[in-house]
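Chain and residue survey
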Amino acid sequence: MTRTYWAAGTAVLLALLFAVAATVASASGGDGHGDGSGTPARAPGLYSPDAGFARDMAVHHQQAVEMSFIVRDRTKDEPVRGLAYDIANTQANQRGMLLGWLDLWGLPKVVAGEPPMSWMGSADGHAGHDMSGHDMSGKDTAGGDMAGHDMGGATTKPGALMPGMATKEELAQLGAAEGRDAEVLYLQLMTDHHKGGVAMAQGCAQQCETPAERALARGMVEAQQSELTLMADMLKQRGAAPRG
């Protein structure tokens, strides 16, 4: 367990270092495509993977922060509270990075009519249509939505916005739980949340064109995979297991 906690803590630190480095790179044009003025020579387009990932992951991260603050008030267990603090701190910082990039690119943080995950491209890695049948303009081309959509093992549940995200009912259940019940539910919900986050970050690592953003996405994958191992151990200690 000591090694697992150390590994997770190291991964969180690496994610934060990626975030700091990415901010500096973006602000200075350090990705090799800027002029040092803070604006890339060619900013990503409105529906590009770079912009779509920034918008969607900012929303995804916000829920992780919310769940982490909830569980800190529902249990006195220090390992769970410590994990929740690390996740809230890391993802709040990364969320600020993602929203900051959108400001630098002169792009909105919300696009009316844009379905979640529409930036995810086809199997050949080119954005244009997402796997639920929406084109990049946000129009439904196949009559489907993200509910039940599978993305690398991460599923969007009915009532949830994106892969791994909790529903309003699950958030209410977490807010009403206490002690071990709150710990187990949090670890299960966050396990699902991380699986969705890893799949999204892998998508950006493959499709995003901004080097600093790809580096941040790879850091997210490494950190969250390490935390998934840690959370599986913590669930086992409590006589529970990840859901599904």
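Moving on, we get to the overall build of the chain. Secondary structure summary: the chain contains 6 helices and 2 strands in total. Counting from the amino terminus, the chain carries its helices and strands in the arrangement α-α-α-β-β-α-α-α. Counting over 244 residues, the chain shows a buried share of 51%. Summarising the internal contacts of the chain: among those between residues at least 6 apart in sequence, 69% fall at separations of at least 24. Here the chain has roughly 11,000 Å² of accessible surface; of this, 55% comes from carbon and sulfur atoms.

At a closest axis distance of 11 Å, the pairing of helix H2 (residues 49-72) and helix H6 (residues 211-237) adopts a crossing angle of 35 degrees. Note that H2 runs across H6; the crossing there is left-handed. Here Asp50, Phe53, Ala54, Met57 and His61 of H2 lie close against H6, whose contacting residues are Glu213, Ala217, Met220 and Gln224.

The next subject is the nonpolar core. Residues Phe53, Met67, Leu83, Leu98 and Tyr186 are the most contacted members of the largest nonpolar core, which totals 51 residues. Mapped by element, the contributors of at least two residues to this core are H2, helix H3 (78-105), helix H4 (168-176), helix H5 (179-207) and H6. Excluding its chain neighbours within four sequence positions, the residues that come into contact with phenylalanine 53 are Ala58, Leu98, Trp119, Met200, Ala201, Cys204, Cys208, Glu213, Ala217 and Met220.

With that settled, the discussion passes to the confidence of the model for the chain. Mean pLDDT for the chain: 80, with 70% of residues reaching 70 or above. Considering only residues more than four positions removed or in separate chains, one finds that residues 1-16, a stretch of pLDDT under 50, has 28 contacts. For the stretch residues 122-150, pLDDT sits under 50, and the model shows 59 contacts to residues farther than four places along the chain or on other chains.

Phi at methionine 117 is positive, roughly 70 degrees, even though this residue is not glycine. Examined against the element boundaries, methionine 117 turns out to sit in the loop between H3 and strand E1 (150-151).

What follows concerns the state of the cysteines. Covalently bonding the sulfur atom of one cysteine to the sulfur atom of another cysteine gives a disulfide. Under the definition given, this model contains 1 disulfide. Two residues, cysteine 204 and cysteine 208, share a disulfide whose sulfurs are 2.3 Å apart. Across the disulfide from cysteine 204 to cysteine 208, rotation about the S-S bond amounts to roughly -120 degrees, and the bridge is consequently left-handed. An identical accessibility class is assigned to cysteine 204 and cysteine 208; each is buried.

Parameters at a glance
Residues numbered from 1 in each chain as written. Predicted model: local features only at pLDDT ≥ 70, side-chain atom pairs only at ≥ 80, totals over all residues. Heavy atoms only, no water. Helix = DSSP H or I, 4+ residues; strand = E, 2+ residues; numbered from the N terminus. Buried < 20%, exposed > 50% of the residue type's maximum accessible area, 1.4 Å probe, protein only. Contact = heavy atoms within 4.5 Å. Areas by Shrake-Rupley, 256 points an atom, 1.4 Å probe, with all protein chains shown as cover. Axes fitted to C-alpha atoms, helices over the stretch in contact; angles between N-to-C directions. Left-handed = near helix turned anticlockwise from the far one by under 90°. Core = buried A, V, L, I, M, F, W, Y, C linked by side-chain atoms within 4.5 Å. pLDDT = per-residue confidence, 0-100. Disulfide = S-S within 2.5 Å.

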